[in-house]
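Each chain is listed here by its residues.
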Amino acid sequence: AAGTEGFEEYIEHDGLARRFVIVRPEDGADGAPVLLLLHGNSGTAENMSNLTEASAYVATRGIWAVMPEAVDGVWNEDPADSSGIDDVGFLSALIQHLVDDYDVDADRIYVAGLSNGGTMTQRLACEMPDRIAAFAAVAATLRNSQADACPASARRPIAYFRGTADPIVPYGSIGTVRSATE
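Summarised in this report is the structure supplied together with it.

What counts and how
Residues numbered from 1 in each chain as written. Predicted model: local features only at pLDDT ≥ 70, side-chain atom pairs only at ≥ 80, totals over all residues. Heavy atoms only, no water. Salt bridge = Lys/Arg side-chain N within 4 Å of Asp/Glu carboxyl O. Helix = DSSP H or I, 4+ residues; strand = E, 2+ residues; numbered from the N terminus. Buried < 20%, exposed > 50% of the residue type's maximum accessible area, 1.4 Å probe, protein only. Pairing = 2+ DSSP bridges. Axes fitted to C-alpha atoms, helices over the stretch in contact; angles between N-to-C directions. Contact = heavy atoms within 4.5 Å. Arc of directions from axis to C-beta. Disulfide = S-S within 2.5 Å. Core = buried A, V, L, I, M, F, W, Y, C linked by side-chain atoms within 4.5 Å.

Okay, the pattern of salt bridges next. Across all of its chains, the model carries ten salt bridges by this definition. Of the charged contacts, one joins arginine 19 and glutamate 69 as a salt bridge, the two residues approaching to 2.7 Å between their closest N and O atoms. One end of the pair, arginine 19, is in strand E2 (residues 16-25); the other, glutamate 69, is in the loop between strand E4 (64-68) and helix H3 (87-102), and 50 residues separate them in sequence. Note on glutamate 69: relative accessible area 16%, which makes it buried. The closest approach of N and O atoms between arginine 108 and aspartate 105, which form a salt bridge, is 2.7 Å. Sharing partners across several salt bridges, the network here consists of Glu8, Arg19, Glu46 and Glu69.

And the structure:
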């Protein structure tokens, strides 16, 4: 969108070069809020940026949109998964990088995610509630393992967007995930 710029960067975390894309106002003003947008399963930073029309939002709101990428397109959003990919650590390091290197507003960091990214968003809500101001999970549900591991003190605003006709993330519970009403 006019008045915005986009670029990619990498940070090193746990021996991996982790990629993310930033879309920000051209002036790159200090103290801006940041919206992290987490893609769904097999997604990419560009896919999430296009799907959410991030540049138009940046142009009208003056925020920074940051689209990180998961290793092999899948977030390790299940605390019971011992795959070894530390996505919580990566996203924490990314936030710190943005605060330190770009002087964004550390008190106005927001996270929204779609599907697998929405479930990762909920993991962040439980494990990093002090670093993120609010959360939104789209077409995603809460894993039982995450609900069991989430401390009662981890309270932040969160919005859920679920659909009763969603064939991939059912409105009711299935397997190891909670229903929308739960």
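Next, the rest of the story.
It is worth spelling out the sheet that holds strand E7 (residues 158-161) at this point. Taken together, seven strands build an open sheet; the order of strands is E1-E2-E4-E3-E5-E6-E7 and the sheet is mixed. The sheet is open, and its two edges are formed by strand E1 (4-13) and E7, each paired on a single side. Shown here is a sheet whose adjacent strand axes are inclined to one another by a mean of 20°, direction ignored. Pairing geometry for E2 and E4, over four bridges, is antiparallel. Across the sheet, the residue bridging to isoleucine 22 is valine 66, located in E4. Helix-sheet contacts for H3 involve E1, E2, strand E3 (34-38), E4 and strand E5 (109-114), and the interaxial angle to E1 is about 125°.

This brings us to the environment of aspartate 30. When you line up the elements, aspartate 30 lands in the loop between E2 and E3. Excluding anything up to four places from it in sequence, aspartate 30 contacts Tyr102 and Asp103.

Let us look at helix H1 (residues 45-52). When we look at burial in H1, the residues that qualify are Ala45, Met48 and Ser49. In an axial view of H1, the angular spread of the buried residues amounts to 100°, which keeps them on one side of the axis. Among the exposed residues of H1, those pointing more than 90 degrees away from its buried face are Asn50 and Leu51. Next to the buried residues of H1 lie E2, E3, helix H2 (54-61), E4 and E5. Looking one or two residues beyond H1, the residue adopting positive phi is glutamate 53, at roughly 55°.

So, on to the state of the cysteines. On inspection of all chains with the given rule, the structure shows one disulfide. Disulfide partner of cysteine 126: cysteine 150, at an S-S distance of 2.1 Å. Handedness of the cysteine 126-cysteine 150 disulfide follows from its S-S torsion of about -100°: it is left-handed. Placement of cysteine 126 in helix H4 (residues 116-127) and of cysteine 150 in the loop between helix H5 (144-149) and E7 is noted, with a sequence separation of 24 residues between them. Exposure remark for cysteine 150: the relative accessible area of 25% places this residue in the partly exposed category.

Before going further, it helps to examine the nonpolar core. Of all hydrophobic cores here, the largest spans 28 residues; its most connected members are Leu94, Leu98 and Leu124. Of all the secondary-structure elements, those providing two or more residues to this core are E2, E3, E4, H3, E5 and H4. Not counting residues up to four positions away in its chain, the partners in contact with leucine 124 are Leu38, Val88, Leu91, Val111, Pro129, Ile132 and Phe135. Listed in part, the 13 residues of the second largest apolar core include Leu35, Leu37, Ile63 and Met67.

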